[in-house]
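# Architecture and fold: a report
Take a look at the letters that make up each chain.
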Amino acid sequence: MRDITLHTAIEDLRISDEQRANFDQWLATELFEAKALRTSIESLWRTLLRQYEAVPETPIRNTPVENASNIEIPLGAIATDSIYAQMIDLIYTLSQPITVRHLNKEYVDRAKAMQTWIDVLIHDIDMRPASEHSIFDTAQLGNGFYYIPFIESYVKHKAFKVVERGPKIISMLPDDVFAVGGVFYDVQQCRTLALRFYRTESELKTYAKTKGWDISKCSPCAGLDWMTNRREHLARTPGDMRRRTDMYECYDIYTRYDIDGDGIDEDLLVAYDLTSQKSMRISYSPYDERPVTKMGYQLRSHQFYAQGVMEMLSPFQFEMTALHNHQIDNVFLSNCRMWASQYGSIQSGTVSIWAGRNLEMADPTTLKELKLSDIYPSLEATQGMVTSLAERRTGANELTQPSQNQTFGNRTPGVTAMSLLQQANRRFTPAFDSVRLGTAGAVRQAVLRYAERVRAGDFAVEEHLKQRLGQQVSELVIECLKDPGFDKSIAILVTASSQAINKDADRQNAVTLANTLAPYYEKMFQLTAQVVNPATPPELRSAALKIIHSTSELIDRIIRTFEQFKDPETFIVDTSEEILEAEQNAQLQQMMLQGMAMGGGMPGGGMDPGMMGGEGGGQPVPPFNGTPPPNPAEV
């Protein structure tokens, strides 16, 4: 099965050969400059990958003795694996990892329909496999990237058959994403964003046929980049690209460039072959936003690339490795002995020692033992100090300390345990929030891919939604996707927003909120009844309205303190319409009573059915005071 990336059809870009040549020259300079400027950070990444795999920097170490201890201590790998596991647990422990919230009351039904759809969609777009790789890149190297195109999968036997259509979340390696222009940390803000793909000749021919690429000048690349080589070398499993000779280094480049010379930069999407330095296709960007989302572990202020756990612990791992090897060498040398003797006292010149050997000598005193080293306990203490500093740098306590569950004990109160967990987890809040927002952004991008196809008139997508969701839900989803501003009225969030939140905490928070709202609803009912009562004095009615307003504002602020409730307006009672309707009814009743008292009948000219009389005009019926009026027939 093969995949083809489909972009929304837009107007073709018409440029001259000279404009195309100038653009290709500018783009080649831009891309090579980006690759050159990233050489230093790629060199660092290669070192961090080696340290994670615990591969020694030098294969053999001959100091202080031949074949001395040469063990790489994976201090960074221990912390990386721990933090990565916490991130995955944070997102996927909950049965509903993605939550849709309405930001506008008019979108309540649409948000519920979108929630139903996204619960199904996250499995179709391969959210879990892609997030596992990108989140690991975030913890290990500092940055993780999602690429979210619209994919058409097909198989061909005797006939061409499309088996699947829809967006996919693809995990992009950090070394395959190039950002050019300025120090913007956002992928949407940098001048040029390039995504690298290694494609075969067969794939290029498919794109030439389906998307109109000009591949006549494309040339195979000489070899893989050095980051890919390092990854395959450390994994000890060369990939498919190393065994092929028809690999092409291609780029999807999203850039802003004034290609027509009118003084305004155009947003362009370029399919580019690096070896030939020629563009295969130039078009306007089919997206309002670039289909890439980024995550960062520890940001560098105003820089594109963030810092990862391995980089944080790299100096500590280097020092710990040196200390550990010194300690092993110290133990080895402390248990070894050298010998000093006079010339000729030992015939062979070498003393071979084993248990129970009798070494015959004319003068045993001429052979003396020489001690090479003593045991130095300071080495172990120094290693503990380095590990402590490493824990403080990253916040991961799995390097030496036991887990929180082991330190709390069995009699620790639940509130105290939760408080300690929250205090320990504040250290990871920025990194976990970046992962949470980046993953939610990837799902949002997948929804935008569907919206772009629906607005472009792709009826196959609408039929697919109707088959998966049913008529009623699909109509609401399609109606929402056709609205250009739906993403401003509906928020797509990762359900878990902090490490301390889990199912038990969610349940406890829900019960707490319910206990808070119960007296609020009761009090609101009493105050509303008092306001709409005509017998209530105006002063008391005004005070009740102020209390209603202040109480609703207080409840709104209380609900906003709960992480899992992002829509407080859903729980707040707005009685303004009922109060207004009661006022109108009271005014109408008062007008009726006044008309009855004046003998003018009902307002509007109609005769009051309670009026009786002859030619001289009707006489009003006395107001009802508890005694039924007499029967006219009896009178």
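Look up: the structure comes first, before these words.
Residues numbered from 1 in each chain as written. Predicted model: local features only at pLDDT ≥ 70, side-chain atom pairs only at ≥ 80, totals over all residues. Heavy atoms only, no water.

### Some points on the pattern of salt bridges
Within this structure, the stated rule accounts for 24 salt bridges. Between R110 and E479 there is a salt bridge, and its shortest N-O distance comes to 2.7 Å. In this pair, R110 sits in helix α4 (residues 108-124) while E479 sits in helix α14 (residues 471-482), placing the two residues 369 residues apart along the sequence. Overall, R110 belongs to the buried group, its relative accessible area being 16%. For E479, a relative accessible area of 41% gives the class partly exposed. Of the charged contacts, one joins K168 and D126 as a salt bridge, the two residues approaching to 3.7 Å between their closest N and O atoms. Within this pair, whereas K168 is found in the loop between β5 (160-167) and β6 (170-172), its partner D126 is found in the loop between α4 and α5 (127-141), the two being separated by 42 residues in sequence. (Salt bridge = Lys/Arg side-chain N within 4 Å of Asp/Glu carboxyl O. Helix = DSSP H or I, 4+ residues; strand = E, 2+ residues; numbered from the N terminus. Buried < 20%, exposed > 50% of the residue type's maximum accessible area, 1.4 Å probe, protein only.)

### Describing unusual backbone geometry
Backbone torsion omega between T63 and P64 reads 5°, so that peptide bond is classified as cis. Here P64 lies in the loop between α2 (39-52) and α3 (75-92). Here the phi dihedral of Q277 falls at roughly 55°; this positive angle occurs in a residue that is not glycine. Positionally, Q277 belongs in the loop between β10 (266-273) and β11 (278-284). Of note, the phi angle at H302 is positive, near 65°, even though the residue is not glycine. Relative to the helices and strands, H302 is located in the loop between β12 (292-296) and α8 (309-334).

### Looking at the side chain of T536
As for its position among the elements, T536 is in the loop between α16 (503-532) and α17 (538-559). Reaching out from T536, the side chain makes a polar contact with the backbone oxygen of Q530 at a distance of 2.6 Å. Setting aside its immediate chain neighbours within four residues, T536 contacts Q530 and R541. (Polar contact = N/O pair within 3.5 Å; in protein donor to acceptor, adjacent residues only side chain to side chain. Contact = heavy atoms within 4.5 Å.)

### A few points about the packing of α4 against helix α12 (residues 429-455)
Between α4 and α12, the shortest axis-to-axis distance is 12 Å and the interhelical angle comes to 105°. Viewed along their axes, α4 and α12 adopt a mutual orientation that is roughly perpendicular. Contacts between α4 and α12 pair M114, W117, I118 and L121 from the former with V443, V447 and Y450 from the latter. Of the residues contributing to the contact of α4 with α12, the split by class is seven nonpolar, no polar and no charged. (Axes fitted to C-alpha atoms, helices over the stretch in contact; angles between N-to-C directions. Parallel < 35°, antiparallel > 145°, perpendicular 65-115°, else oblique. Nonpolar A, V, L, I, M, F, W, Y, C, P; charged D, E, K, R; others polar.)

### As for the packing of aromatic side chains
Overall, the coordinates contain 16 aromatic pairs when judged by the stated rule. Ring geometry for F304 versus Y305: centroids 5.0 Å apart, planes at 90°, classification edge-to-face. Relative accessible area serves as the criterion here: at 13%, Y305 is assigned to the buried category. An aromatic cluster is present here, built from W45, F145, F304 and Y305 joined pairwise through their rings. The aromatic ring of F304 is capped on one face by K294, whose charged end is 4.2 Å from the ring centroid. (Phe/Tyr/Trp six-rings, centres within 6.5 Å; stacked < 30°, edge-to-face > 60°. Lys NZ or Arg CZ within 6 Å of the ring centre and 35° of its normal.)

### What to know about the sheet that holds β12
If you walk across this open sheet you meet the three strands as β6-β3-β12, and the pairing is antiparallel. Strand pairing shows two members of the sheet lacking a second neighbour, β6 and β12, which therefore form its edges. Each adjacent strand pair in this sheet contributes to an overall mean axis angle of 30°, direction not counted. For strand β3 (residues 143-147) and β12, the ladder comprises five bridges, and the chain directions are antiparallel. Bridge assignment links G144 to a residue of β12, and that residue is M295. Running at roughly 155° to β3, α5 makes contact with β3, β6 and β12 of the sheet. Those strands touched by α12 are β3 and β12, and its axis lies near 170° from that of β12. (Pairing = 2+ DSSP bridges.)

### Topic: the sheet that holds strand β7 (residues 177-180)
Strands sit in the order β7-β8-β9-β10-β11 across an open sheet of five strands; the sheet is antiparallel. Two strands bound the open sheet, and with one partner strand each, they are β7 and β11. The mean angle between the axes of side-by-side strands here comes to 20°, regardless of whether they run parallel or antiparallel. Note that β7 and strand β8 (residues 192-200) share four bridges and pair antiparallel. Bridge pairing links F178 to A194 in β8. Lying over the sheet, helix α1 (residues 17-37) contacts β7, β8, β9 (247-257), β10 and β11, oriented at roughly 105° with respect to β9. Helix α6 (residues 201-211) rests against β8, β9 and β11 of the sheet, and its axis sits at about 115° to β8.

### Considering helix α7 (residues 226-235)
Buried within α7 are the following residues: M227, T228, R230, E232 and L234. In this structure, the buried residues of α7 make contact with α2. Capping the start of α7 is the job of one residue whose side-chain oxygen sits 3.2 Å from the backbone nitrogen of M227: D225.

### Describing helix α18 (residues 576-598)
Under the 1.5 Å per step criterion, the end-to-end length of α18 is 33 Å for 23 residues, consistent within 8% with the ideal 33 Å. All buried positions along α18 are accounted for by I579, A582 and G595. (Expected span 1.5 Å × (residues − 1).)

### Structural notes on a negative patch on the surface
Together, D260, D262, D265 and D267 give the surface a local cluster of negative charge. Residue classification places D267 among the partly exposed residues on the basis of a relative accessible area of 45%. (Patch = residues over 30% accessible without salt bridge, like charges linked within 9 Å, V, L, I, M, F, W, Y side chains within 5 Å. Areas by Shrake-Rupley, 256 points an atom, 1.4 Å probe, with all protein chains shown as cover. Lys, Arg positive; Asp, Glu negative; His and termini not counted. Charge placed at Lys NZ, Arg CZ, Asp CG, Glu CD.)

### Describing the pairing of strand β15 (residues 490-494)
In terms of burial, β15 is a largely internal element, four of the five residues being buried. The sheet contact formed by strand β2 (residues 98-102) and β15 spans five bridges and is antiparallel. Its bridge partner being in β15, I98 is matched across the sheet by V494.

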